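# Coordinates in review
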Amino acid sequence: MEGARKYDLEDRLVKFVFVVLEVCDLLPNSKAGQNLEHQVSKSGTAPALQYGEVQAAESRNDFIHKMKTLLKELCESKITLRIIGEKPLVVNEKVDYALKECNELIGIFTASIQTAKRNKM
């Protein structure tokens, strides 16, 4: 089938943003909840936005650098989601789903960076 892809990373990243923002809406209006909401809303939305920069990379080195920046945001999101789930500030399947998806995205982008580095040589 023409144009069909197994998965679209941009779509996955945008859907990840949606679930992160849903988690944010579930957080309590406490100081801890507000702090973590601010943190995860920033780090959880950044990868989708940075993916646009990745797609416009000017060189292989620029591509790798932008991918690493995106990966850092995913790693930050993972830790924040763990804190939200383990505290627990929110008991909801959306937190578990967001953490699972974040881990999968980290794996995908880690492998992509490794491939780009190998192909650079």
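Our focus in this paragraph is a positive patch on the surface. Taken together, Lys68, Lys72, Lys117 and Lys120 make up a surface patch of like positive charges. Looking at the positive patch, the elements that each hand over two or more residues are α3 (60–86) and α4 (93–120). Among the structural elements, lysine 68 can be located in helix α3.

This part takes up the packing of aromatic side chains. This structure, assessed with the given rule, holds one aromatic pair. Each ring, one from tyrosine 51 and one from phenylalanine 109, has its centre 6.1 Å from the other, and the planes form 75°; the classification is edge-to-face. Residue tyrosine 51 is found in helix α2 (residues 31–55), and its partner phenylalanine 109 is found in helix α4; the two are separated by 58 residues along the sequence.

Take unusual backbone geometry next. Generally, phi is negative for residues other than glycine and the peptide bonds are trans, each holding for most cases. A cis amide bond, omega -20°, links lysine 87 with the succeeding residue proline 88. Structurally, proline 88 can be placed in the loop between α3 and α4.

What follows is about the packing of helix α1 (residues 9–26) against α3. Interhelical geometry of α1 versus α3 gives an angle of 30° and a closest axis separation of 13 Å. By the criterion of interaxial angle, the relationship of α1 to α3 is roughly parallel. For the pair α1 and α3, the sense of crossing is left-handed. Listed contacts from α3 to Leu13, Phe16 and Val23 of α1 are Leu70, Leu74, Ser77, Leu81 and Ile84. By residue class, the composition of the contact of α1 with α3 is seven nonpolar, one polar and no charged.

Using the criterion set out here, one finds seven salt bridges in the structure. As a salt-bridge pair, glutamate 22 and lysine 94 come within 3.0 Å of each other at their nearest N and O atoms. Within this pair, whereas glutamate 22 is found in helix α1, its partner lysine 94 is found in helix α4, the two being separated by 72 residues in sequence. We classify glutamate 22 as partly exposed; its relative accessible area is 34%. Notably, a salt bridge pairs glutamate 86 with arginine 82, separated by 3.0 Å at the nearest N-O pair. Residue glutamate 86 and its partner arginine 82 are both found in helix α3; the two are separated by four residues, about one turn of the helix. Put simply, Arg12, Lys100, Glu101 and Glu104 are held in one network by salt bridges that share partners.

Rules behind the numbers
Residues numbered from 1 in each chain as written. Predicted model: local features only at pLDDT ≥ 70, side-chain atom pairs only at ≥ 80, totals over all residues. Heavy atoms only, no water. Patch = residues over 30% accessible without salt bridge, like charges linked within 9 Å, V, L, I, M, F, W, Y side chains within 5 Å. Areas by Shrake-Rupley, 256 points an atom, 1.4 Å probe, with all protein chains shown as cover. Salt bridge = Lys/Arg side-chain N within 4 Å of Asp/Glu carboxyl O. Lys, Arg positive; Asp, Glu negative; His and termini not counted. Charge placed at Lys NZ, Arg CZ, Asp CG, Glu CD. Helix = DSSP H or I, 4+ residues; strand = E, 2+ residues; numbered from the N terminus. Phe/Tyr/Trp six-rings, centres within 6.5 Å; stacked < 30°, edge-to-face > 60°. Axes fitted to C-alpha atoms, helices over the stretch in contact; angles between N-to-C directions. Parallel < 35°, antiparallel > 145°, perpendicular 65-115°, else oblique. Left-handed = near helix turned anticlockwise from the far one by under 90°. Contact = heavy atoms within 4.5 Å. Nonpolar A, V, L, I, M, F, W, Y, C, P; charged D, E, K, R; others polar. Buried < 20%, exposed > 50% of the residue type's maximum accessible area, 1.4 Å probe, protein only.

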